Amino acid sequence: MTRDRRKTGLADVLTWITAGALAIDLLMIVGLLVLVASHGASAFWPRPLVAFELGDGTRALGEIHSREAIPDPATGLLTDAMRIRVRVGNRDLTGADFRWIDESKIRARSEPADAVLLERLEWGAFFGWPIALRAKGVDAREPGAIWDAFAKLHAEKVATRERIRAIERGPIGDVNYEIEKVRLAERHLDRMGAAPDTAERATLAARKQTLEARYAGHLAELNALRDSLADGELVLRTADGVEKAVPVGQIVRTVLPNALGLGGKLALYAERLHEFILGEPREANTEGGIFPALFGTVMMVMLMSLMVVPFGVVAAIYLREYAREGPFTRAIRIAVNNLAGVPSIVFGVFGLGFFVYGIGGTIDALFFADALPTPTFGTGGILWASLTLALLTVPVVIVATEEGLAAVPQAVRQGSRALGATQLETLLRVVVPAAAPGMLTGLILAMARAAGEVAPLMIVGMVKLAPTLPVDAHPPFVHLERKFMHLGFHIYDVGFQSPNVEAATPLVFATTALLITIVVSLNLTAILLRNRLRTRMAGRAV
Amino acid sequence: MTLPVSPTPPPVAIEKPAIRVDRLSLWYGDTLALDQISLDLAERHITAFIGPSGCGKSTLLRCINRMNDLVDGVRVEGRILFSDRDIFDPEVDVNALRKRVGMVFQKSNPFPKSIYENVAYGPRIHGTRSKSELDGIVEQALRAAALWEEVRERLQTSALELSGGQQQRLCIARALAVEPEVLLLDEPCSALDPVATAKIEELLLELKQRYSIAIVTHNMQQAARVSDYTAFLYLGTLVEFGATRELFVAPREKRTQDYITGRFG
């Protein structure tokens with residue numbers, strides 16, 4: 001009896017330890033998710049603009065971002081005095097977006113309804129009060145008149161900005177593409193040793209001239225548009241009385257946060273979220289959207305999946321179905337499992353040496369010799385990045401597929417063979433379909449790993465800012481040699497490498513939340529697919 | 001090649017043998033598992049293989065459609081004649097052989113597919129594409145396996161949702177769908193309850209009108225109930241082979257008598 005009771009006591013303790021460990025794990029995961037989600041979700045919510053009157057007579061206007069106890073400078077211990085961190089913006093005037101204000105020095109605070117927040121293309125946010133709007137034929141000085149004129153003018157400027165962008169992306173991009181083609185054709189003739197005065201060269205030269213003329217035409221149009229964009233400015237007064245003229249063409253939007261109702265706030269939130277997800281980054285990625293990074297991440301993961309599945313599944317089928325069990329297959333399995341433990345940066349180095357310089361260099365020498373010494377495939381790109389990640393994740397797919405295959409009973413294989421099916425028929429019609437859920441599990445794990453991987457990509461084609469997406473309107477439409485942006489690297493770059501880390505923090509949280517959302521939704525899709533397959537393949541029994 | 005004198009008793013004369021096993025020996029690696037077995041399977045009759053565990057009865061059965069080829073380290077000597085040809089002849093297409101000599105296993109092994117797909121699998125493998133033709137084959141095979149009435153409403157549901165006995169009959173239907181001439185059953189009822197067993201036995205008696213059947217069984221009563229001929233194997237040798245009634249009523253060998261009366265086994 002005594003012994004039994006002792007055993008029960010020990011079992012209880014062990015149960016408690018394991019349950020406690022699980023609870024701590026869950027708590028940490030949930031905590032992480034809640035932190036990221038709440039910070040990420042609140043990044044676009046408009047905060048009230050607070051005007052401060054300080055003890056020394058100065059004034060300030062800004063958004064309160066945090067509040068903390070002030071540490072005693074001598075002991076480092078926290079005192080009862082509190083201070084607040086205020087985003088005051090106006091970086092072009094003050095040099096910093098944030099300042100600390102001791103609460104003891106605040107004489108009064110208010111939330112003026114007419115205080116305005118300007119989101120600008122450059123220099124970040126501006127906080128102040130509008131005093132005038134000046135443009136060709138307009139000179140408004142009353143708030144009502146200013147906003148009326150501004151709405152009209154700003155719509156014009158936004159249209160002009162869009163037009164400029166469309167010209168840059170469209171006609172000018174096309175002309176550049178054509179000019180590059182002519183240049184490559186000329187180089188090709190040089191390389192082939194053609195005479196300097198052939199008819200072909202004359203045609204090319206003539207074509208180049210027409211293209212350059214077209215380019216000059218577009219450029220002139222562009223310059224005219226840019227000039228018109230520079231006209232018109234909104235004059236604002238800051239909290240400490242400085243007047244500043246902001247070109248209307250530089251303004252993304254104006255917000256009167258203290259005057260917004262809930263509906264207005266929601267609309268603004270949606271607008272900012274939309275800009276974040278579908279917009280392009282600006283100000284060294286610390287503002288604007290992250291669409292190129294989002295696109296690059298998803299495309300890279302998809303490409304990686306396309307490559308890793310056939311590769312891993314075929315390898316696993318060979319190992320499990322064809323290879324005779326022995327020291328050789330055991331050695332291969334050990335190697336595969338160890339491959340999963342190799343630091344990812346090592347894969348990056350291998351990808352650079354093997355894919356980029358080896359295969360890419362060879363492709364360039366064979367097919368893109370005209371462009372050399374500018375590399376085409378001989379430099380990092382989305383194809384090589386995907387292949388590198390495929391290599392990194394192939395062990396996961398192999399192991400999961402092998403488990404899936406092993407779970408198909410030998411009796412089922414024999415049943416098929418006894419009907420006169422060959423080994424290949426058995427494999428393709430019975431074994432692989434039955435093991436498909438296992439293969440999908442492998443793919444899920446591989447995608448989850450690949451979407452979050454950053455280190456190896458830094459040397460095989462991921463960049464801070466890619467001028468073009470890997471997919472566009474120029475044939476062959478999908479440009480696998482292009483460099484790409486990635487959410488993981490974006491987080492690192494914006495959060496830790498940008499000159500203005502404090503101002504970018506909300507964006508970092510939002511980007512993190514988005515990356516987690518992508519990984520989770522990719523996984524969920526694959527899990528749903530797998531479950532559907534499972535229910536279709538097998539009944540409740542067995 | 002001269003083979004040593006057979007230690008097995010002289011084969012019983014069977015008028016129309018579907019399969020003739022002739023001095024068949026089999027080794028797993030260095031272990032002799034079958035020693036000079038000779039017997040005939042009568043056409044459109046049921047032949048039962050009985051004997052204690054490890055006597056080689058399943059091994060013998062699996063030789064007849066060469067399923068032992070799939071086991072590593074198996075070596076065979078002797079002949080098995082089917083349609084006047086030695087099935088071990090290197091020119092024999094083993095998959096064509098297995099189409100003509102179907103097999104049902106001890107544990108039911110339906111594919112993780114629908115009932116319909118399970119039965120249609122064999123015909124598809126052997127080249128039947130037309131949907132209407134497949135529908136006909138599936139219905140016919142399920143009727144022949146006495147399963148049609150139970151599953152006709154749910155052909156597209158997973159075969160794994162059927163009961164154990166239904167699964168085993170589905171496996172029989174699956175084997176019948178490729179229109180074999182011989183059906184080999186390896187302890188088909190060992191995992192089934194008495195009701196399901198009775199159904200299968202009834203089915204076997206029905207099927208022997210059209211197929212030559214060999215069945216391995218542990219169950220003496222079953223052998224006595226369903227089979228026309230019985231072979232008793234012990235430690236890899238064929239101890240006694242004869243008409244079931246005679247073998248059970250008046251065994252010539254003492255070992256046979258001991259076994260069927262339950263003195264060992």
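Note that the structure is predicted; figures quoted are calculated from it, not measured.

(A) Focus on the overall build of chain B. Looking only at helices and strands, chain B features 10 helices and 10 strands. With respect to the three principal axes, the spread of C-alpha positions in chain B is 55 × 40 × 35 Å. Taking all 265 residues of chain B together, the buried fraction comes to 48%. At a minimum sequence separation of 6, the contacts of chain B that also span at least 24 residues come to 69%.

(B) The arrangement of the sheet that holds strand 7 (residues 182-186) of chain B in detail. All names here are of chain B. Reading across the sheet, the six strands line up as 6-7-8-3-9-10 and stay open at both edges, with mixed pairing between neighbours. In this open sheet, the two edge strands, each paired with only one partner strand, are strand 6 (101-104) and strand 10 (237-243). Each strand axis lies, on average, 15 degrees off the axis of its neighbour in the sheet, ignoring direction. Note: strand 3 (residues 46-50) against strand 8 (residues 212-216), four bridges, orientation parallel. Along strand 8, the bridge assignment pairs Ala48 with Ile215. Each of strand 3, strand 6, strand 7, strand 8 and strand 9 (229-234) touches helix 1 (residues 57-64); the most contacted strand, strand 8, lies at about 150 degrees to it. Each of strand 6 and strand 7 touches helix 6 (residues 164-176); the most contacted strand, strand 6, lies at about 170 degrees to it.

(C) Quick look at the domain arrangement of chain A. Residue and element names in this part refer to chain A. The assigned domain composition of chain A is domain 1 (135-259) and domain 2 (291-537). The C-alpha-based centres of domain 1 and domain 2 are spaced at 39 Å. If you look at the interface, domain 1 gives five residues, while domain 2 gives four residues. Its residues placed into classes, the side of domain 1 that touches domain 2 shows two nonpolar, one polar and two charged.

(D) Seen up close, the sheet that holds strand 4 (residues 98-102) of chain A. Residues and elements named next belong to chain A. Across the sheet, five strands lie side by side as 4-3-2-1-5; this open sheet has antiparallel pairing. Taken across any chain shown, the strands that pair with only one partner, and hence form the sheet edges, are strand 4 and strand 5 (106-110). Averaged over neighbouring strand pairs, the angle between their axes works out to 40 degrees when direction is ignored. Both strand 1 (residues 50-54) and strand 5 contribute to a ladder of four bridges, which runs antiparallel. Within strand 5, the position partnered with Leu54 by the bridge is Ile106.

(E) Region of the structure containing the confidence of the model for chain B. Model confidence for chain B is summarised by a mean pLDDT of 86, while 94% of its residues fall at 70 or above. Per the prediction output, this complex has pTM 0.79; the corresponding ipTM is 0.86.

(F) Spotlight on the interface of chain A and chain B. The interface is formed by 20 residues belonging to chain A together with 25 residues belonging to chain B. Looking at the side of chain A that touches chain B, the elements with two or more residues in it are helix 10 (410-418) and helix 11 (423-452) of chain A. When residues of the side of chain A that touches chain B are assigned to their parent elements, the largest contribution, six residues, is made by helix 10 of chain A. Among the residues forming the side of chain A that touches chain B, the class breakdown is 12 nonpolar, five polar and three charged.

(G) Representation of unusual backbone geometry in the model. Residues and elements named next belong to chain B. Despite not being glycine, Arg23 has its phi angle at roughly 45 degrees, a positive value. With respect to the helices and strands, Arg23 occurs in strand 1 (residues 17-28). Given 16 C-beta atoms within 10 Å, Arg23 falls into the partly exposed group. Here the phi dihedral of Ala146 falls at roughly 55 degrees; this positive angle occurs in a residue that is not glycine. Positionally, Ala146 belongs in the loop between helix 4 (131-144) and helix 5 (148-151).

The rules behind these values
- Per-chain numbering applies: the sequence of each chain, read as written, is numbered from 1 onward.
- Chains and ligands are labelled sequentially in the order written, the chains with letters from A and the ligands with numbers from 1.
- Predicted model: local features are reported for residues with pLDDT of at least 70 only, side-chain atom pairs are reported and counted for 80 or more only, and whole-chain, interface and lining totals are derived from all residues.
- Every helix listed is a DSSP run of H or I at least four residues long, and every strand listed is a run of E at least two residues long, numbered separately from the N terminus.
- Note on burial: count the other C-beta atoms lying within 10 Å of the residue's C-beta; 20 or more is buried, 12 or fewer is exposed, in between is partly exposed, and C-beta positions come from the backbone.
- The contact criterion used here is simple: two residues whose C-beta atoms, placed from the backbone, lie within 7 Å are in contact.
- For two strands to be treated as a pair, DSSP must find at least two bridges joining them.
- Lines fitted to the C-alpha atoms define the axes, with helices restricted to the stretch that makes contact. Angles between their N-to-C directions range from 0 to 180 degrees.
- Where each domain starts and ends follows an automatic or database-derived domain assignment.
- In this classification, the charged set is Asp, Glu, Lys and Arg, the nonpolar set is Ala, Val, Leu, Ile, Met, Phe, Trp, Tyr, Cys and Pro, and all remaining amino acids, among them Gly, are polar.
- Scored between 0 and 100, pLDDT is the confidence that the predictor attaches to each residue.

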